[in-house]
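Remarks on the overall topology
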Amino acid sequence: MPAQVHVPSLFARVGTASALTLAVTSTMLAPGLVSDAEAATHSTKALKVAASKKGSPYKYGAAGPHRFDCSGLTVYSFKKAGKKLPRTAQQQYNKTRHITKSQRKRGDLVFFHSGRSVYHVGIYAGAGKIWHSPKSGDVVRLAKIWSKSVWYGRVR
């Protein structure tokens, strides 16, 4: 759940404020809390980084900048966006804020699972597609989500 700061006296004095003013004000009043807008910015940057790696070859255990496995692509992309993720897809799932399919947004992580075990991760690109590094012999690419056995996570 996003952090919320309640400051009625500020709103009474300000009246109507822009989203930027509110974001700056809430950061100043509650340092260390990440707003939804700030989280979205990191996710959007990570999505752009992943897309920029289109065509990079898959290599097991690789986390860039020229070769990637699935979780290596997400680690690299979010690191470039200013966020640190653990190394494996399962660890990343454990670290993210779990969300429903209806809550997913561009830049959220999509985790493919079998039972309770996560075996693959990609970055949601919108329209039911992800950027991912699929498997040996393949490259980073945009693909349609091919399974219903997925969970979603938002990087905090």
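Every residue gets a number counted from 1 within its own chain, in the order that chain's sequence is written. Predicted model: local features are reported for residues with pLDDT of at least 70 only, side-chain atom pairs are reported and counted for 80 or more only, and whole-chain, interface and lining totals are derived from all residues. In computing side-chain values, all of the structure's heavy atoms are included and hydrogens and water are not.

1. What to know about the confidence of the model for the chain
What counts here: Looking at any residue, its pLDDT shows the predictor's confidence there, from 0 to 100. Every residue pair with non-hydrogen atoms within 4.5 Å of one another is taken to be in contact.
For the chain, per-residue confidence averages 84 on the pLDDT scale, and 75% of positions sit at 70 or higher. Under a pLDDT of 50 for its full length, residues 1-33 has, in the predicted model, 14 contacts with residues more than four places off or in other chains.

2. Here's the deal with the pairing of strand S4 (residues 129-132)
Defined as follows: A pair of strands is labelled paired if DSSP reports no fewer than 2 bridges between them. Going along the chain from the N terminus, every DSSP run of H or I of four or more residues is numbered as a helix, and every run of E of two or more is numbered as a strand.
Sheet topology places strand S3 (residues 117-126) next to S4; three bridges connect them, and they run antiparallel. Across the sheet, residue Ile123 finds its bridge partner in S4, namely Trp131. Two successive antiparallel strands, S3 and S4, enclose a turn made up of two residues, where Ala127 displays a positive phi of approximately 55°. Looking at chain direction, S4 and strand S5 (residues 141-144) are connected through four bridges and run antiparallel. From the neighbouring strand, Lys129 faces S5, where its bridge partner is Lys144.

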